[in-house]
Amino acid sequence: MKKILKLIALLIIPVLLFSGCSGAKTPSKAVEEMFKNVKKLDFDKAKKHLLNEDIGIDKDSLKKLGAEGEIIKTILKNIEYKIVSVDSVDAQTSMVHVNVKSINIKQIMSDFVPIVLRHTVDSLSVLGDGKNNDPGKLITDDFNNLMKDKKYSNYERVVDIKVINVNGEWKIDLGESLMNLLYKDVNEMFDELEEELNRIQVKINE
C-alpha cells in the first residue's frame, strides 16, 4: 500500500508543480507573450515575462502624461511584430531577433505641425461673429486621423531582445524602457515635438 501511495505521489507532484508554473518555456514564447499583452495594454501580464518585472510603463503613468500618454497607447496598440530568428548564446541565454513595425511618429509630426498652425491661424482670423473659435477639437480630430492612417505605419526596425532562463522559465532582460526598444531615438523624438509646438506658439503670439 505504501509503495502504491509513493508511486502516486511521484506521478502527481511533478504535474502539480508544472501546472503551477505559468512562465514561458521558450525564448520566443516569452517575447511573443510580452508583445501580445503590450498590444492589449495589459502591462501587468506583459511584465511577468520580464527579468525584473519593470516594463518602464503602466496605465497610471500614461494617464498622468495626458495627451502624450494617449499617443503612446495608440502606438502600442498598433505594434506589429514578427520573430525573425533565435540565437542561443549559452545554455541560459538566447537572443531573439524581432522585426517590429510601428507608427512613424516623426513623419506624422512633420505633417501635423502645419495642421496645428493652420487651425490656429484660422481661429484667429474669424472676426465679428461673437464666437470663440477654439481650434482644439479640430486639431485633436486631425491628429487622431493621422494616427489611424495606415500609411504612417512604416517605422520598421529589427530589435535584439535578450532572454534568460531562470529556473526553467524564460525571462526577458529588457535593458531599457519598452518605448526606447521600439524607437531608438524616442526621447529625441518627443523633445523635437515639444520644441516645434513651442515655435508655433511663439509665431502665434507675434
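None of the values given here were measured: they were computed from a predicted structure.

A closer look at the overall build of the chain
Moving on, step 1. When its secondary structure is counted, the chain shows nine helices and four strands.
Moving on, step 2. Of all 206 residues assigned to the chain, the portion counted as buried reaches 34%.
Moving on, step 3. A sequence separation of at least 24 residues applies to 68% of the contacts in the chain between residues at least 6 apart.
Moving on, step 4. Element-wise, carbon and sulfur atoms account for 53% of the exposed surface of the chain, whose accessible area totals about 13,000 Å².

Overview of the pattern of salt bridges
Moving on, step 1. By the definition in use, this model includes five salt bridges.
Moving on, step 2. The salt bridge partner of K47 is D44, with a shortest N-O separation of 3.7 Å. Here K47 pairs with D44, and both are found in helix 3 (residues 43–47), just three residues apart, close to one helical turn.
Moving on, step 3. Taking the relative accessible area as the measure of exposure, D44 reaches 51% and is therefore exposed.
Moving on, step 4. Among the ionic pairs, E70 bridges to K73, the shortest N-O distance being 3.1 Å. In this pair, E70 and K73 both sit in helix 5 (residues 67–77), three residues apart, roughly one turn of the helix.

Focus on the pairing of strand 2 (residues 93–102)
Moving on, step 1. The buried fraction of strand 2 amounts to seven of the ten residues, a majority that puts the element mostly inside the structure.
Moving on, step 2. Sheet topology note: the strand 1 (residues 80–90)/strand 2 ladder contains nine bridges and is antiparallel. The residue of strand 2 that forms the bridge with D87 is M95.
Moving on, step 3. Hairpin remark: strand 1 followed by strand 2, antiparallel, with two residues in the connecting loop.
Moving on, step 4. Note that strand 2 and strand 3 (residues 155–166) share ten bridges and pair antiparallel. Following the sheet pairing, V100 is matched in strand 3 by R157.

A word on the sheet that holds strand 2
Moving on, step 1. Strand order in this open sheet of four strands is 1-2-3-4, and the pairing throughout is antiparallel. Each having just a single partner strand, strand 1 and strand 4 (169–173) make up the two edges of the open sheet. On average, adjacent strands in this sheet sit at an angle of 30° to one another, irrespective of strand direction.
Moving on, step 2. In the packing of helix 2 (residues 27–39) onto the sheet, the strands contacted are strand 1, strand 2, strand 3 and strand 4, and the crossing angle to strand 1 comes to about 150°.

A short note on the packing of aromatic side chains
Moving on, step 1. Throughout the structure, instances matching the rule amount to one aromatic pair.
Moving on, step 2. Measuring from centroid to centroid gives 4.9 Å for F35 and Y81, while their planes differ by 20°, and the two rings are stacked. Pair noted here: F35 is in helix 2 and Y81 is in strand 1, with a separation of 46 residues, a long-range link.
Moving on, step 3. For Y81, a relative accessible area of 28% puts it in the partly exposed group.

Definitions and limits used
- Numbers given to residues run from 1 along each chain, matching the order in which its sequence is written.
- Confidence filtering applies because this is a predicted model: local features only for residues at pLDDT of at least 70, side-chain atom pairs given and counted only at 80 or more, and all residues used for totals across whole chains, interfaces and linings.
- Excluded from the side-chain calculation are hydrogens and water; included are all heavy atoms of the structure.
- Only DSSP runs of H or I with at least four residues qualify as helices, and only runs of E with at least two residues qualify as strands; both kinds are numbered from the N terminus onward.
- Buried means the residue's accessible area, taken with a 1.4 Å probe over protein chains only, is under 20% of the maximum for its type, while exposed means over 50%, and partly exposed covers the values in between.
- In this analysis, two residues are considered to be in contact whenever any of their non-hydrogen atoms come within 4.5 Å of each other.
- Throughout, the Shrake-Rupley method with a 1.4 Å probe supplies accessible areas, and for residues the shown protein chains are the sole cover considered.
- Basic side-chain nitrogens of Lys or Arg form a salt bridge, by our definition, when they fall within 4 Å of a carboxyl oxygen of Asp or Glu.
- Should DSSP find at least two bridges between two strands, the strands are regarded as paired.
- Where helices are involved, their axes are fitted lines through C-alpha atoms of the stretch in contact, as for all axes, and angles between N-to-C directions lie from 0 to 180°.
- Under the pairing criterion, centres of Phe, Tyr and Trp rings, with the six-membered ring standing for Trp, must be within 6.5 Å; the plane angle then separates stacked pairs below 30 degrees from edge-to-face pairs above 60, leaving the rest tilted.

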